[in-house]
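Here's the letter readout for the chains.
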Amino acid sequence: MSSWLGGLGSGLGQSLGQVGGSLASLTGQISNFTKDMLMEGTEEVEELPDSRTKEIEAIHVILRSENERLKKLCTDLEEKHEASELQIKQQSTSYRNQLQQKEVEISHLKARQIALQDQLQKLQSAAQSVPSGAGGVPATTASSSFTYGISHHPSAFHDDDMDFGDIISSQQEINRLSNEVSRLESEVGHWRHIAQSSKAQGTHNSDQSEICKLQNIIKELKQNRSQEIDDHQHEMSVLQNAHQQKLTEISRRHREELSDYEERIEELENLLQQGGSGVTETDHSKICEMQKTIQVLQTEKVESTKKIEELEDKIKDINKKLSSAENDRDSLRREQEQLNVEKRQLMEECENLKLECSILQPSAMKQSDTVTERERLVAQSASVEEVFRLQQALSDAENEIMRLSSLNQDNGLAEDNLKLKMHIEVLEKEKSLLSQEKEDLQIALLKLNDEYEGIKSTATRDISLDSELHDLRLHLEAKEQELNQIISEKEILIAEIEELDRQNQEATKHMILIKDQLSKQQSEGDSIIGKLKQDLNEEKKRVHQLEDDKMDITKELDVQKEKLIQSEVVLNDLRLTKQKLEDKVESLIDQLNESQKSNVNIQKENLELKEHIRQNEDELSRISSELTQSLNQDSGSNFKDNLLKEREAEVIHLKQSLSELEQLNENLKKVAFDVKMENEKLVLAYEDLMHQLEESIASNKQLSLEKNTIVETLKMEKGEIETELCRAEKRLLEEANKYEKTIEELSNARNLNASALQVEHERLIKLNQKKDIEIAELKKNIERMDTDHKETKDILSSSLEEQKQLTQLINEKEIFIEKLKERSSKLQEELDKYSEALRKNEILRQTIEEKDRSLGSMKEENNHLQEELERFREQQSRTAPVADPKTLDSVAELESEVSQLNMIKDHLEEEIKHHQKIIEDQNQSKRQLLQSLQEQKKEMDEFRHQHEQMNATHTQLFLEKDEEIKSLQKTIEQIKTRFHEERQDIQTDNSDIFQETKVQSLNIENGSEKHDLSKAETERLVKGIKERELEIKLLNEKNISLTKQIDQLSKDEVGKLTEIIQQKDLEIQALHARISSTSYTQDVVYLQQQLQAYAMEREKVFAVLNEKTRENSHLKTEYHKMMDIIAAKEAALIKLQDENKKLSTRFESSGQDMFRETIQNLSRIIREKDIEIDALSQKCQTLLAVLQTSSTGNEVGGVNSNQFEELLQERDKLKQQVKKMEEWKQQVMTTVQNMQHESAQLQEELHQLQAQVLVDSDNNSKLQVDYTGLIQSYEQNETKLKNFGQELAQVQHSIGQLCNTKDLLLGKLDIISPQLSSASLLTPQSAESLRAGKSGVLSESSELLQQEIEELRKSLQEKDATIRTLQENNHRLSDSIAATSELEKKEHEQTDSEIKQLKEKQDVLQKLLKEKDLLIKAKSDQLLSSNENFTNKVNENELLRQAVTNLKERILILELDIGKLKGENEKIVETSRGKETEYQALQETNMKFSMMLREKEFECHSMKEKALAFEQLLKEKEQGKTGELNQLLNAVKSMQEKTVVFQQERDQVMLALKQKQMENTALQNEVQHLRDKEFRSNQELERLRNHLLESEDSYTREALAAEDREAKLRKKVTVLEEKLVSSSNAMENASHQASVQVESLQEQLNVVSKQRDETALQLSVSQEQVKQYALSLANLQMVLEHFQQEEKAMYSAELEKQKQFIAEWKKKAENLEGKVVSLQERLDEANAALDSASRLTEQLDLKEEQIEELKKQNELRQEMLDDVQKKLMNLANSSEGKVDKVLMRNLFVGHFHTPKNQRHEVLRLMGSILGVRREEMEQLFHDDQGGVTRWMTGWFGGGSKSVPTTPLRPNQQSVFNSSFSELFVKFLETESHPSIPPPKLSVHDMKPLDSPGRRKLDANTPESFKDTAESRSGRRTDVNPFLAPRSAAVPLINPAGHGPGGPGHLLLKPISDVLPTFTPLPVLPDNSAGVVLKDLLKQ
């Protein structure tokens, strides 16, 4: 029982332990996961500020590593889960098996318990009966325990299926019950003992009672201990839970912080983008003004960003250095931990320090753990804070760059400088902190080294004392040897101590070197900071210079704008003066005309002056109307009113002058001459003005050559103005000619118009004066214009430079865009790869699905085959024991097929597992693809954003240029106000220009719309492709189902046919046997029965064939539907390809790669579909061939069985070929999958290699550290080896000396032995003399060897003894010689043992060295622990100091709070006082109101009394006592007044009392309030005093502790100072090297400064040269102006030519620009066309290859056809006249074997077999001409009647004259000729069953007979590319159902109606049916 229970308990423990272990591993993995997550979070945060691509790559790597790790976790957990489930199942089964046993055991235990209970009760009763004072324990314990057991016993053991928890609970109950049983047994034994003792002796009762009490106490203590253990375990679990919760909270906080940081970064990025977009949204006016300055400043921004990046790199370097310093610190910590370990070992060894160790070890461990946890947290927080600071710095730097771009440069740079200074200060502080920590660590190390040396010295002393004591106890004789050993050990220890000192010195040197490196780093950092400060100052200077330049530029721009305005004003003035001159010329012309007309009228008719006046008035009215019209046309002229006034004055003058015309005519000639002169002057002045204008225009043209295309348009307009001016000059010349003519005419009429001409002459003189003044003004304006033009030249030159800068910027941006395009192309290539991987994934999924389906079908086939095998076995068991070999072969084949199928199934299951793994990998790749797609979307958004910014800048430029054009157009329109037609032309030009600008803006908008369109179209295409893929999947599934059904059909058919064939073969054999027998009558009866059976079988076969033909028709209809769907999809695909081609030409270069991918995908889909269609067509061919063979086989089966056998063989061969093809396909698939696997593995290996490279880099760094340590250890080992070599040399020397002494002793012994032999003859005297000589020799040798060996003395003494014995006894010589030989051997052995001892000493020394190394490590660990304790105490001190400062601050805060509370209390008191005063006032008013009420009540009472008095008065009046009444009334009034006075006084007194009461209460309240305040203040004072006292006590304690520590530290400082003296030398060397480096750097600096000075000098020289050049330029310009003034006359003629040339060149330039635009468009189109052409060429190449392959196949097939036709012809020629001999023999023999009476029946049988009717047979029998020829012709001629539609050949006309063989061949031909050609299964001709086309075909069957000739000759009119040439997939049922043959089945009708038949092949008797079928299949 106990063993069984123990085993069960151990099994439970193991299972629970495994569960616990899995849980522990889970928790460990979770904790590792949290740590990894934290580490990864930190890494992510650190890597965030880098560029976007790095972020993506880092995230990619992290995600992959996480995925791999999670996969591993999942696999581990799944394995553990499975293992635990298996264990649980096993345990549950074992427990269920054991439950029954345990129930039995429980019943036994219950019975035993009851028995024990009874015994207990009996014993208790016996004990009670015995007199026992305080003897027995009451029976309540047992009863209670029993009741407890019963109560806790489970009641439900009824159910068999119990859970694991129930089993565990039952096990626990069993254990409890067994424990109770054992307890009860012990109690029973106890009571029995008590009973026996009571019987034997009653005196021991008291002792027994005490023992019982003690036992009870022990039980209680055990219970308490178990409770305490449970509590302790519970507390441990609670602590663990709390720790886990803390860890989860920390990880959650860390994740929240990470998410916050990520959100913050995203917000900053959004802000940056908003800032970037906000710049574009600024006002256009400001942008127009400030763009140039922005462009200049952008370059500076780039420089500043570069510098900022450099600074960031430097910061990163500093951070790396910090990380390296942290690594050093970690290594020092590790060393400290090692020292702690060594120290613990020493503490264990030392017995004196055991108690202190036991006290201090757990606390030290806890402190170290807490410290490490704190340090980790601090390090994590510090790293996170540093990362966050860097992120903030980056974001601030980016924001400040944006501010620079918005022209707040000074502030931005200043802030940058300040922030950089802040960062540098922070870094310097961190450096100083690190250096302090390192110094502290060094101090701690030195302290620990001192402690270690002291401990070591004590340890060595203890060891030496122990060894000496041991040696004294063992051997007193070997003291000297042990002393030598001790001396050697001491020397070794001294050497070790020296080595340790060397190690310490090396460590100090290493620390000094580290210090030097840190100092160098600090100096480098300071130099870098200085350089950065210098750079910042230089940048500030540059910014100031740039701002000054900007101000100068703005000033120059303002000046130039003012000059332009002035030049525009001057131009307007010139135009106005020109208009005035033209108006005056016109007025002169009109006046001249009028004067001419008036002169003519005066000469002709002086009498008709009135009529002339009327005519003149009419003319004047007409002229005024014309003038008004002209004025209306020329809007904007300022001289309308003046002209009208002048015209009116002229009319008045003319009216007056008509009377004076005769007088004025004389003066007119003079005036005309004057007018001519004045006109000439005016013309000359006008020409000068024109020359000046032309010169100004020429200068403008020279400037315009440098301007933009917009300025060129202005030049065009200027040219037009110049042409207009030329036209005006021509007009003026014409007008001058007219004037000359008019003057000549006027000279004739001068005498008549003298007076009017005088008036006009005076007016003209005035006008001349005015015009002179205007000409002077115009000259001034022209000079101003010249100056303005010079200024505009300067402006244009500056603008050109700015444009060049702009072009450079645009080029740079284009380069950047190209780089981005390259990047996008790379990313798209990656996308292609991923998309290909996705496609492969989908293909693999499809293959998996197909293989699943094929598995299902294979399983079904297996089942069918098994059923068939069972049937065959049953048949074999039923049939005779002699089995057919065919059936056995088929069974063997089927079994082999089953085994092959099982192999294939296993292989497919393995492939499915493999594909599942691939799918998981590709899901990961999908996720990665999604991430990469999101990243690409982000990049595309960024590119779009940049594109929009560029577009915005371009639109702004266009708007600026449009504004300039508009301003210039306005000026042109003002010039052209007088030229109406030309103005319209210009308006059209302007409209064209505006249209161009609009077109440009529209193009920009169209560009954005195209992007949107391209997105939409791509989405649509993707959706379409997905739909197509789904349709293809559905088609594949349908095809698979069809093939399965067809395979099943073919297999079922083949199986049934084989059964039928076997039956028929058996029946044929039986017929042959019976025909050979003699019993004909029985055979005939039997044959009749067989005929009936055959008819039944035929009907069954027809029914089976009907079912199969129906199924085939259904399959074919589904196939037709599928082909229709495929055709529709092909059409849709072609449309999609066309749309893709169109779209590819439309879209821009950015979207072309995506469309290339889509087109490639479509082309791949098309190719896959072509392949699938080819496969389907091949399957259809094979299926149709099988159907044909099955159908024909049923027909031929009646003829011969050999054909069926050959068909089966061919089917088997085909199956084998199909299997081979499937195996080859599977091999190809496996190879493809292997390649995919290898590619995936290579990718994984790449990622692993990348991870390994990172790990290797870390390992390299670690290995370098290890390498330095190994070098040091190697040097130490070398020194040790040298020492060992020296010791070995000493040992060898000593061994050589010993060998020499041994040789000497041996020589002496040889000398002694012959002397002894001769001494036997001598007397004893001679012997004594010999002995004396020998002893002298021996004494001499011993004196030589006393120092080396003491053991030889003993041997010499023994030899002396032997010599004495030899002198006494000659017989003992031989014994002595033997003894000497033995002694020599002993000496050899002793020397060998000494050598061994030396070797053992060496081993011991090596062991000691190892132990001392371990001791050193332990002491270094102790040092580390002590260092940690020291740092902990320092941290505690700092914390306490911080606590003190915090408490002081809290005290101050509390005092401030107290002050605030006091003020608030005072305010509350004031408010309460105010409220009390208000309350008092209200109470007073209340009192007053109450007094008023009382007065009113009193008045009411008085009124009532008055009324009563009045009533009494009335009564008394009645009575007549008036006098008394009056007296009484007076008395009453006086009394009332007194009462009123008394009441008022009383009320006043009451009010005063109440006021005093209120004041008293207020005072009492104030007193209480003050008392409370005093009490509170006293409490606060006491609390603060206590707090201060406590803080002072703690502070004093800390100060004392600090003083103690200071004393210790000072001691350490002294030690360190001593070591610093040694390190100062190294420092001096390092400083010397640093000074050398500094000198070299200073030399370099001097060189650089010299170069800078030289460049500055060159700059000054160049500036002076520039000034000189400017002066020379000004002089040259002056000279040029003189030249221009001189050569104006020369240039005037050439200017017109130049204008024409310029106009032509402008036109050419415009044409060229148009051509350039068109060429660019063509280039874009050509690029797009090239891309599409490249794709098309690829497709064309593929199609051409396919066409070539198809042509080759066609040629091959044509050759095959030709060969077949030739063979057919040969066969036809060779087989004419040949008939099947077997058939004819059977017929003939059968006819002659029958008796003559029954030959008619045989003939009837033959006729029925051949299909001859009974009527024809009877006619043949009844015919008198019964010959062989008649019978034969009837036989073969009548057979053709069964074929109603066969056309007769010309050979059949001579039936009776032909031979038997010819008739039979013709019969076969008529049977085999097809009536309908084979159907053409093209996709386009395929229609559903009820389509009208088919009905037409069925209705018009005779039309199909036209194609018979073509089908026979082997020609095909229409061939489907998807099907083989011999496809004959025709439904066996008539498709329409209403054809000529009706709706019946086709096999029951004549063959020629529907079924396609082969061409006739007369077969040789040698050739079998299988050969024919093979030939047909080849066709």
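Residues numbered from 1 in each chain as written. Predicted model: local features only at pLDDT ≥ 70, side-chain atom pairs only at ≥ 80, totals over all residues. Heavy atoms only, no water.

Considerations on the overall build of the chain
Assigned secondary structure in the chain consists of 32 helices and 0 strands. A burial count over the chain gives 29% of its 1979 residues as buried. Total accessible area on the chain stands at roughly 130000 Å², and carbon and sulfur atoms take up 56% of it. (Helix = DSSP H or I, 4+ residues; strand = E, 2+ residues; numbered from the N terminus. Buried < 20%, exposed > 50% of the residue type's maximum accessible area, 1.4 Å probe, protein only. Areas by Shrake-Rupley, 256 points an atom, 1.4 Å probe, with all protein chains shown as cover.)

Some words on the confidence of the model for the chain
Summary statistics for the chain give a mean pLDDT of 78 and a share of 76% for residues scoring 70 or more. A low-confidence stretch, residues 42–48 stays under pLDDT 50, and its non-local contacts, those more than four residues away or across chains, total 17 contacts. Confidence drops under pLDDT 50 across residues 1946–1966; counting only partners more than four residues distant or on other chains, this segment forms 51 contacts. (pLDDT = per-residue confidence, 0-100. Contact = heavy atoms within 4.5 Å.)

A few points about the pattern of salt bridges
In a structure, side chains of opposite charge can pair up when their charged atoms sit close to one another. For the coordinates displayed, the defined rule picks out 32 salt bridges. With a closest N to O distance of 3.4 Å, Lys292 and Glu802 form a salt bridge. A residue pair is termed long-range when its members are at least 10 positions apart, and Lys292 in helix α6 (residues 284–349) and Glu802 in helix α13 (residues 754–878) qualify at 510 residues. The class of Lys292 is partly exposed, set by a relative accessible area of 34%. Between Arg823 and Glu939 there is a salt bridge, with its nearest N and O atoms 2.8 Å apart. Taken together, the residues Arg823 in helix α13 and Glu939 in helix α14 (residues 885–975) connect sequence positions 116 residues apart. (Salt bridge = Lys/Arg side-chain N within 4 Å of Asp/Glu carboxyl O.)

Some points on the packing of aromatic side chains
A ring pair, where both rings are aromatic, is described by two values, the distance of the centres and the angle of the planes. This structure, assessed with the given rule, holds 0 aromatic pairs. Above the plane of the ring of Phe1430 lies Lys1612, whose end atom (NZ or CZ) is 5.1 Å from the centre. Stacked on the ring of Trp1705, the Lys or Arg Lys1708 has its end atom at 4.6 Å from the ring centre. (Phe/Tyr/Trp six-rings, centres within 6.5 Å; stacked < 30°, edge-to-face > 60°. Lys NZ or Arg CZ within 6 Å of the ring centre and 35° of its normal.)

Topic: helix α20 (residues 1351–1368)
Compared with the 26 Å implied by 1.5 Å per residue over 18 residues, the 27 Å span of α20 between its first and last C-alpha is a close match. The complete set of buried residues in α20 reads Leu1352, Ser1355, Leu1356, Lys1359, Ile1363 and Leu1366. Down the axis, α20 shows its buried residues gathered within 100° of arc, on one side only. For α20, the exposed residues set more than 90 degrees away from the buried face come down to Gln1357 and Glu1368. (Expected span 1.5 Å × (residues − 1). Arc of directions from axis to C-beta.)

Topic: the environment of Asp516
Assignment of secondary structure puts Asp516 in helix α9 (residues 479–604). With 1111 residues separating them in the primary sequence, Asp516 and Met1627 have C-alpha atoms 7.1 Å apart. Excluding residues within four positions of it along the chain, Asp516 makes contact with Met1627 and Ala1630.

Things to note about the environment of Gly189
Turning to its location among the elements, Gly189 is positioned in helix α4 (residues 164–200). In this structure, the C-alpha to C-alpha distance between Gly189 and Leu120, residues 69 residues apart in sequence, is 9.7 Å.

Digging into the nonpolar core
Residues Val675, Tyr739, Ile743 and Leu764 are the most contacted members of the largest nonpolar core, which totals 13 residues. Contributing elements (two or more residues each) for this core: α9, α11 (640–704), α12 (709–748) and α13. Of the residues forming this core, the biggest block, 4 residues, is contributed by α11. What Leu764 contacts, discounting residues up to four positions off in sequence, is Leu588, Val675 and Glu678. Leu120, Ala127, Val188 and Ala195 belong to the second largest nonpolar core, which has 10 residues in total. (Core = buried A, V, L, I, M, F, W, Y, C linked by side-chain atoms within 4.5 Å.)

Focus: the environment of Lys431
Positionally, Lys431 belongs in helix α8 (residues 409–474). A C-alpha to C-alpha distance of 7.7 Å links Lys431 and Leu322, two positions 109 residues apart in sequence. Leave out the neighbours within four places in its chain, and Lys431 touches Gln521 and Gln522.

Remarks on the side chain of Glu1387
Its place among the elements puts Glu1387 in helix α21 (residues 1373–1519). Here Glu1387 sits buried without a salt bridge, and the closest side chain of opposite charge, Lys1359, lies 4.3 Å off (N-O distance). With near-sequence residues (within four places) excluded, Glu1387 lies in contact with Lys1302, Leu1305, Leu1352, Ser1355 and Lys1359. (Lys, Arg positive; Asp, Glu negative; His and termini not counted.)

Focus: a negative patch on the surface
There is a patch of like negative charges on the surface, built from Asp76, Glu78, Glu79, Glu82, Glu85 and Glu920. The biggest single contributor to the negative patch is helix α2 (residues 52–129), with 5 residues. Relative to the helices and strands, Asp76 resides in helix α2. (Patch = residues over 30% accessible without salt bridge, like charges linked within 9 Å, V, L, I, M, F, W, Y side chains within 5 Å. Charge placed at Lys NZ, Arg CZ, Asp CG, Glu CD.)

A word on the side chain of Thr847
With respect to the helices and strands, the residue Thr847 is situated in helix α13. A residue is classified by how much of its surface remains accessible, and Thr847, at 10% relative accessible area, is buried. Beyond its immediate chain neighbours, meaning those up to four positions away, Thr847 contacts His915 and Met1229.

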